[in-house]
Amino acid sequence: MMDLLLHERIAESKDWATILFVVCFVLIAVNRAIFEVRFNEFVRIAISDKYLKIYKDSGNMQSWFTISMFVIQLISFAFLIQLTLSVFGLTTKTNWISYIQIITLLGVFILSKYLIEKIIATTFNIEEFNEQFNLQKVNYRTYIGMMILPVNILLFYNAFLSKTLIISILGVILAINIITYFFSLKNYQNLILSKFFYFILYLCALEIAPYYFMYYWFTKS
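Here the residue numbering is sequential within each chain, running from 1 through the sequence in written order. Local features in a predicted model are, by the rule used here, given only for residues with pLDDT of at least 70; side-chain atom pairs are given and counted only at 80 or more, and totals for whole chains, interfaces and linings are based on all residues. Side-chain calculation: all heavy atoms of the structure are included, whereas hydrogens and water are not.

On to helix α1 (residues 15–34), then. Spacing of three or four residues puts side chains on the same side of an α-helix, whose turn is 3.6 residues. Here α1 contains 20 residues, and its C-alpha end-to-end distance of 28 Å stays within 8% of the 28 Å for a straight helix at 1.5 Å per residue. Where α1 is concerned, the buried positions are Trp16, Ala17, Phe21, Cys24, Leu27, Ile28 and Asn31. Angularly, the buried residues of α1 cover 145° about the axis, an arc narrow enough to put them on a single face. Turned more than 90 degrees away from the buried face of α1, the exposed residues are Asp15, Ile19, Ala33 and Ile34. Here, two residues are considered to be in contact whenever any of their heavy atoms come within 4.5 Å of each other. Numbering of helices and strands runs from the N terminus, with a helix taken as a DSSP run of H or I at least four residues long and a strand as a DSSP run of E at least two residues long. Elements in contact with the buried residues of α1: α2 (36–42), α4 (64–87), α5 (96–124) and α6 (127–157). What a helix should span is 1.5 Å times the count of its residues minus one. Relative accessibility thresholds used throughout: buried, under 20% of the residue-type maximum; exposed, over 50%; partly exposed, between the two (1.4 Å probe, protein chains only). Note that the arc is computed from the directions linking the helix axis to the C-beta atoms.

Take the side chain of Thr142 next. Among the secondary structure elements, Thr142 is positioned in helix α6. Thr142 has contacts with Phe42, Met69, Phe70 and Gln73, leaving out every residue within four places of it along the chain.

Any carboxyl oxygen of Asp or Glu that lies within 4 Å of a side-chain nitrogen of Lys or Arg is treated as forming a salt bridge with it. Across all of its chains, the model carries two salt bridges by this definition. Residues Lys50 and Glu41 are paired through a salt bridge, measuring 3.6 Å at the closest nitrogen-oxygen approach. Judged by relative accessible area, which is 14%, Glu41 ranks as buried. Counted as one network, the salt bridges with shared partners bring together Glu41, Arg44 and Lys50.

It is worth spelling out a nonpolar patch on the surface at this point. Surface patches are defined over residues having more than 30% relative accessible area and no salt bridge, joining like charges when they lie within 9 Å and nonpolar side chains (Val, Leu, Ile, Met, Phe, Trp, Tyr) when within 5 Å. Throughout, the Shrake-Rupley method with a 1.4 Å probe supplies accessible areas, and for residues the shown protein chains are the sole cover considered. On the surface, a cluster of nonpolar side chains totalling about 440 Å² of accessible area is made up of Val22, Val26, Val30, Ile34 and Trp64. Take the nonpolar patch: its biggest share by element is four residues, from α1. As for its position among the elements, Val30 is in helix α1.

Take the packing of α5 against α6 next. Packing of α5 against α6 brings their axes to within 8 Å, and their N-to-C directions diverge by 155°. Relative to α6, the element α5 is oriented roughly antiparallel. The handedness of the crossing between α5 and α6 comes out as right-handed. Between α5 and α6, the contacting residues are Lys113, Tyr114, Glu117, Lys118, Ala121 and Thr122 on the first element and Glu127, Asn130, Glu131, Asn134 and Lys137 on the second. The residue classification treats Ala, Val, Leu, Ile, Met, Phe, Trp, Tyr, Cys and Pro as nonpolar and Asp, Glu, Lys and Arg as charged. All others, Gly included, are polar. Residues that form the contact of α5 with α6 fall into these classes: two nonpolar, three polar and six charged. Lines fitted to C-alpha atoms define the axes, with helix axes restricted to the stretch in contact, and inter-axis angles between N-to-C directions lie between 0 and 180 degrees. Relative orientations are named as follows: roughly parallel for angles under 35 degrees, roughly antiparallel for angles over 145 degrees, roughly perpendicular for angles from 65 to 115 degrees, and oblique for any other angle. If you view the pair so one helix is near and one far, a crossing is left-handed when the near helix is turned anticlockwise from the far one by less than a right angle, and right-handed when it is turned clockwise.

When the terminal C-alpha atoms of α6 are compared, their 44 Å separation across 31 residues agrees well with the 45 Å that a helix rising 1.5 Å per residue should span. Taken as a whole, α6 carries its principal kink of about 35° at Ile148; the proline Pro150 stands between one and four residues after it. Within α6, 22 of the 31 residues are buried, which leaves the element mostly enclosed by the surrounding structure. Fitting axes to the seven residues that end at a residue and to the seven that start at it, the angle between those axes gives the bend at that residue.

This paragraph deals with the packing of aromatic side chains. In summary, the pairing rule links any two rings of Phe, Tyr or Trp, Trp by its six-membered ring, whose centres are within 6.5 Å, and it sorts them by plane angle into stacked for under 30 degrees, edge-to-face for over 60 and tilted for everything else. Summed over all chains, the structure comprises 15 aromatic pairs. For the ring pair Phe35 and Phe65, a centre distance of 5.7 Å and an interplane angle of 75° mean the geometry is edge-to-face. Separated by 30 residues along the polypeptide, Phe35 in the loop between α1 and α2 and Phe65 in helix α4 bring together distant segments of the chain. Accessibility expressed as a relative area gives 23% for Phe35, which makes it partly exposed. Residue class for Phe65 comes out buried when judged on its relative accessible area of 1%. Taken together through their ring pairs, the aromatic side chains of Trp16, Phe21, Phe79, Tyr99, Phe156 and Tyr157 make up a single cluster. Residue placement shows Arg38 over the ring face of Tyr55; its charged tip is 4.4 Å from the ring centre. Whether a charge lies above a ring is judged from NZ of Lys or CZ of Arg, which has to be within 6 Å of the ring centre and within 35 degrees of the ring normal.

Next up, the structure:
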């Protein structure tokens, strides 16, 4: 008689990802309906700086529109990190526990960095620059997060994900971030020159060091 060996088959569900993708599109639809003019200006941010000029007041950082779009950015970038890690065999793209860990770490990192920036900006007496500069960065990165959302959906539900593809996507995002960063610096060049020493300290402490330590931690782990 032949012995039958039964192997447990673990099927990872994609329902959690579908729910998050739907949440993102619902938030986009709600913002488009409630803030029609603002949303229309926001989606043109790649070709026009009109949105940045109109909504440059630091109070916009706590607005419903900015917060809800930040949630979309957080979900989208967490998915991209999950897909990247899955390509390198560190997790699977359907592992929801891994996703929770990633989005929690990402959220804590961003919020901690923001709070430390506020403390240092107050110490250096550059609160106005910090608030407006942060708002511009948030707007650009939120826009990028919204743009890569459809890319995340395609990569998540299809099997053509590869190291070359994911590295290319990350390279494009990095290049766009660098370009938008310098655009933001250009907009505040007069203020930066007047407080150049403090800006260099700010740049080294909060714009370079956190990413270096994250890179060091990931590579050593």
